[in-house]
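# Breakdown of the fold
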Amino acid sequence: MSQVLITGATGLVGGHLLRLLIQDRHINFIAAPTRRPLLDISGVFNPHDPQLTDALAQVQDPIDIAFCCLGTTRREAGSKEAFVHADYTLVVDTALTAKKLGAKHFLVVSSHDASTGSPFFYNQVKGKMEEALIAQKWERLTIVRPSMLMGHRDERRFNESFFAPLFRILPGNWKSIEARDVAQAMLKEALAPSQEGVNIIPSAKLREIAQGEA
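So, here is what we can say about the structure in this document. None of the values given here were measured: they were computed from a predicted structure.

Quick look at the sheet that holds strand S6 (residues 140–145) now. Strand order across the open sheet formed by seven strands is S3-S2-S1-S4-S5-S6-S9, with parallel pairing between neighbours. Across the chains shown, the open sheet's two edge strands, defined by having one partner strand only, are strand S3 (44–45) and strand S9 (197–202). As defined by bridge partners, strand S4 (residues 65–68) adjoins strand S5 (residues 105–109) across four bridges and the pair is classed as parallel. Bridging from a neighbouring strand, phenylalanine 67 pairs with leucine 107 of S5. The strands touched by helix H4 (residues 80–100) within the sheet are strand S1 (2–7), S4 and S5, with S5 carrying the most contacts at an inclination of about 165 degrees. In the packing of helix H7 (residues 179–191) onto the sheet, the strands contacted are strand S2 (27–31), S4, S5, S6 and S9, and the crossing angle to S5 comes to about 165 degrees.

Turning our attention to the packing of helix H1 (residues 12–23) against H7. Pairs of packed helices are described in terms of their axes, by the angle between the two and the distance that separates them. Following both chains from N to C, one finds H1 and H7 inclined at 50 degrees, their axes separated by 8 Å at the closest point. In terms of axis orientation, H1 runs oblique to H7. The interaxial crossing formed by H1 with H7 has right-handed handedness. For the pair H1 and H7, contact is made by Leu12, Val13, His16, Leu17, Leu20 and Leu21 and by Ala179, Arg180, Val182, Ala183, Gln184, Met186 and Leu187, respectively. The residue makeup of the contact of H1 with H7, split by class, is 10 nonpolar, two polar and one charged.

Let us now look at the environment of methionine 148. You can see methionine 148 is positioned in the loop between S6 and strand S7 (149–150). Note on methionine 148: relative accessible area 13%, which makes it buried. Separated by 29 residues in the primary sequence, methionine 148 and isoleucine 177 place their C-alpha atoms 6.2 Å from one another.

Now for the pattern of salt bridges. Inspection of the entire model under this criterion finds five salt bridges. Between glutamate 196 and arginine 140 there is a salt bridge, and its shortest N-O distance comes to 3.7 Å. Residue glutamate 196 is located in the loop between H7 and S9, and its partner arginine 140 is located in strand S6; the two are separated by 56 residues in the primary sequence. Accessibility expressed as a relative area gives 55% for glutamate 196, which makes it exposed.

The subject of this paragraph is the packing of H7 against helix H8 (residues 203–210). Two numbers describe how H7 lies on H8: the axes approach to 8 Å, and their chain directions differ by 75 degrees. Compared by their axis directions, H7 and H8 come out roughly perpendicular. On H8, the residues touching Asp181, Val182, Gln184, Ala185, Lys188 and Glu189 of H7 are Leu206, Arg207, Ile209 and Ala210.

Glancing now at the nonpolar core. Counting 33 residues, the largest nonpolar core has Ile6, Val13, Leu21, Phe67 and Met186 as its most contacted members. Of all the secondary structure elements, the ones that give two or more residues to this core are S1, H1, S2, S4, S5, H7 and H8. Looking at this core, the element that brings in the most residues is H7, giving seven residues. Counting residues in hydrophobic clusters, the runner-up holds 24 residues, among them Phe29, Ala31, Ala98 and Leu101.

With that settled, the discussion passes to unusual backbone geometry. Both trends apply: most residues other than glycine have a negative phi, and most peptide bonds are in trans. Unusually for a residue other than glycine, lysine 137 sits at a positive phi of about 55 degrees. Counting through the fold element by element, lysine 137 comes out in the loop between helix H5 (121–135) and S6.

Let us now look at H4. The terminal C-alpha atoms of H4 lie 29 Å apart, and with 21 residues this matches the ideal 30 Å at 1.5 Å per residue to within 8%. Maximum bend of H4: about 30 degrees, positioned at alanine 86. Of all the residues in H4, the buried ones are Phe83, Ala86, Asp87, Leu90, Val91, Val92, Thr94, Ala95, Thr97 and Ala98. Here the buried face of H4 lies against S1, helix H2 (52–56), S4, helix H3 (74–77), S5 and H5.

As a further point, take the pairing of S4. Going residue by residue along S4, you find Ile65 and Phe67 tucked away on one face and Ala66 and Cys68 tucked away on the opposite face as well. Pairing between S1 and S4: four bridges, direction parallel. Residue pairing for S4: threonine 7 is matched across the bridge by cysteine 68.

Analysis parameters
- Residues numbered from 1 in each chain as written.
- Predicted model: local features only at pLDDT ≥ 70, side-chain atom pairs only at ≥ 80, totals over all residues.
- Heavy atoms only, no water.
- Pairing = 2+ DSSP bridges.
- Helix = DSSP H or I, 4+ residues; strand = E, 2+ residues; numbered from the N terminus.
- Contact = heavy atoms within 4.5 Å.
- Axes fitted to C-alpha atoms, helices over the stretch in contact; angles between N-to-C directions.
- Parallel < 35°, antiparallel > 145°, perpendicular 65-115°, else oblique.
- Left-handed = near helix turned anticlockwise from the far one by under 90°.
- Nonpolar A, V, L, I, M, F, W, Y, C, P; charged D, E, K, R; others polar.
- Buried < 20%, exposed > 50% of the residue type's maximum accessible area, 1.4 Å probe, protein only.
- Salt bridge = Lys/Arg side-chain N within 4 Å of Asp/Glu carboxyl O.
- Core = buried A, V, L, I, M, F, W, Y, C linked by side-chain atoms within 4.5 Å.
- Expected span 1.5 Å × (residues − 1).
- Bend = angle between axes of the 7 residues up to and from the residue.

Here it is as structure tokens:
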């Protein structure tokens, strides 16, 4: 039985993952700190605060596995600084909290083309986030790199809506992926890790894992 921490539970991937965790018989405790409260869900500890770091600080129980599904866009965040806070600082804070609570495996949603050398700010931040987590020297660190995520959002993102038809027909790791497949793959990797150390999983491989082909 595992005790887990998840941040980003109100998001597209995180929402699917939270539902999977609740249903899984291998999970006996779920801490899901959020900025805004979740619906009252049996078996889920949901400290909430507009400052996610303060909500994280309320998690005191031991943790075995931690998931981070935080992610936004510069447009949604409102500024470069706010985007860095959401997609870098809070991700690193989640990892540090999880490690302090005893977690041995950290799983995080990154981006298909994350790279510190990218000419694009979004990808640079994702790359820096990955490097910061690797530097923490986790026993197991799983970095998932999905392509464009598909699924229902309460607020639609213009770029995703506009480019979705194209990404559905692109090959390999560029092809869009359902958010529920990303969540399913993360849970499978958490409960039965395919390797120790750092494991970076590209989008096409995520689809294979989710569909039981890996």
